[in-house]
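# A structural walkthrough
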Amino acid sequence: MNIKEASEKTGVSSAAIRYYEKESLIPPIDRTAVGNRDIDDRIIRRIRFVTQMRSAGMSIESLRRYIALFDAQEDNTKEQKSLLKEQLGVMEEKRDDLQAAIDHLNYKLNHFYDHMEATEEELRELERQHADKVAQEPTEDSDESNNAY
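Note that the structure is a prediction, hence the values are computed from the model and not measured.

Analysis parameters
Residues numbered from 1 in each chain as written. Predicted model: local features only at pLDDT ≥ 70, side-chain atom pairs only at ≥ 80, totals over all residues. Heavy atoms only, no water. Helix = DSSP H or I, 4+ residues; strand = E, 2+ residues; numbered from the N terminus. Rg over C-alpha atoms; globule rule 2.2 N^0.38 Å. Contact = heavy atoms within 4.5 Å. Areas by Shrake-Rupley, 256 points an atom, 1.4 Å probe, with all protein chains shown as cover. Lys, Arg positive; Asp, Glu negative; His and termini not counted. Charge placed at Lys NZ, Arg CZ, Asp CG, Glu CD. Core = buried A, V, L, I, M, F, W, Y, C linked by side-chain atoms within 4.5 Å. Buried < 20%, exposed > 50% of the residue type's maximum accessible area, 1.4 Å probe, protein only. Salt bridge = Lys/Arg side-chain N within 4 Å of Asp/Glu carboxyl O. Arc of directions from axis to C-beta. Phe/Tyr/Trp six-rings, centres within 6.5 Å; stacked < 30°, edge-to-face > 60°. pLDDT = per-residue confidence, 0-100.

Let us look at the overall build of the protein. When you go through the protein residue by residue, the secondary structure sums to six helices and zero strands. For the protein, the N- to C-terminal ordering of α and β elements is α-α-α-α-α-α. Taken over the C-alpha trace, the protein has a radius of gyration of 29 Å; the compact-globule value for 149 residues is 15 Å, which it surpasses by more than 25%. In terms of its C-alpha atoms, the protein occupies a principal-axis envelope of roughly 85 × 50 × 30 Å. For the protein, long-range pairs separated by at least 24 residues make up 39% of all intrachain contacts whose partners lie at least 6 apart in sequence. Surface summary for the protein: the accessible area is close to 11400 Å², and the carbon and sulfur share equals 51%. Each charge sign in the protein was given a centre, from 22 positive and 32 negative side chains, and these centres are 14 Å apart.

Below, the structure is given as structure tokens:
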């Protein structure tokens, strides 16, 4: 299939497929006699794998390393698993950070009237105090020493 068909089949743009090939994230794609890309199921599976790993947050560099380990002749299972475990740890940390933010927002929503209103009023009062302070400070234009030429 051509690159447009592969793009439709995978949901990955033609530009991204070209990029994946350029960055060696997928194997070099065979060409037809007229020079068009001839993408087979082997490439489709690689595109889907790359897409899944990128969605999982894996960096291009780590993904390239994983693919090099996979494509190597020797057994690199331990190293491959190590890279996947490392990525899982990164994702779990992001999940935990996101969950903490969700919990914080839920707290604020659940305690809006007994917490947020009072906090917001305190912030408004601090803003008023600051505005009053700024209004009382002399400006450079009113400073007589600036007019002493």
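Among the nonpolar cores identified, the biggest contains 18 residues, and I17, I26 and I39 are the most heavily contacted of them. For this core, the secondary structure elements donating two or more residues are α1 (3–10), α2 (14–22), α3 (41–55) and α4 (60–71). If one sorts the elements of this core by residue count, α3 sits on top with five residues. Residues contacting I26, with those up to four places away along its chain left out, are I17, Y20, E21, I43, R46, I47 and V50.

What follows covers the side chain of R37. Tracing the backbone through its elements, the reader meets R37 in the loop between α2 and α3. Its relative accessible area of 19% is what places R37 among the buried residues. Those residues in contact with R37, other than ones at most four positions away along the chain, are M1, N2, I3, R18, E21, I29, D30 and R31.

All right, on to the pattern of salt bridges then. Note that side chains of opposite charge can pair when their charged atoms are close. Here the structure, examined in full by the defined rule, presents 11 salt bridges. R128 serves as the salt-bridge partner of E121, at 2.7 Å between the closest nitrogen and oxygen. Residue E121 is classed as partly exposed on the basis of its relative accessible area, which comes to 38%. One salt-bridge network, in which partners are shared between bridges, spans E120, E121, R124, E125 and R128.

As a further point, take α2. Taken together, the buried positions of α2 are occupied by S14, I17, Y20 and E21. Looking straight down α2, one finds that the buried residues subtend no more than 120 degrees of arc, so they occupy a single side. Summarising the geometry of α2, the exposed residues directed more than 90 degrees from the buried face are A15 and K22. Looking one or two places after α2, you find S24, whose phi comes out positive at around 60 degrees.

On to the packing of aromatic side chains, then. The relation between two aromatic rings is expressed through the spacing of the ring centres and the mutual angle of the planes. Under the defined criterion, the tally for this structure stands at two aromatic pairs. A centroid spacing of 5.4 Å and a plane angle of 85 degrees characterise the contact between F112 and Y113, whose relative ring orientation is edge-to-face.

Turning to the confidence of the model for the protein, a few remarks are in order. Detailed conclusions should not be drawn from predicted coordinates in areas where pLDDT is low. The pLDDT averaged across the protein works out to 90; a share of 93% of its residues lies at or above 70. When mean pLDDT is taken per element in the protein, α1 scores highest with 96 and helix α6 (residues 112–136) scores lowest with 89.

What follows is about the environment of D40. Following the sequence through the fold, D40 ends up in the loop between α2 and α3. Residue D40 is classed as partly exposed on the basis of its relative accessible area, which comes to 31%. Along the primary structure D40 and N2 are separated by 38 residues, whereas in three dimensions their C-alpha atoms are 8.9 Å apart.

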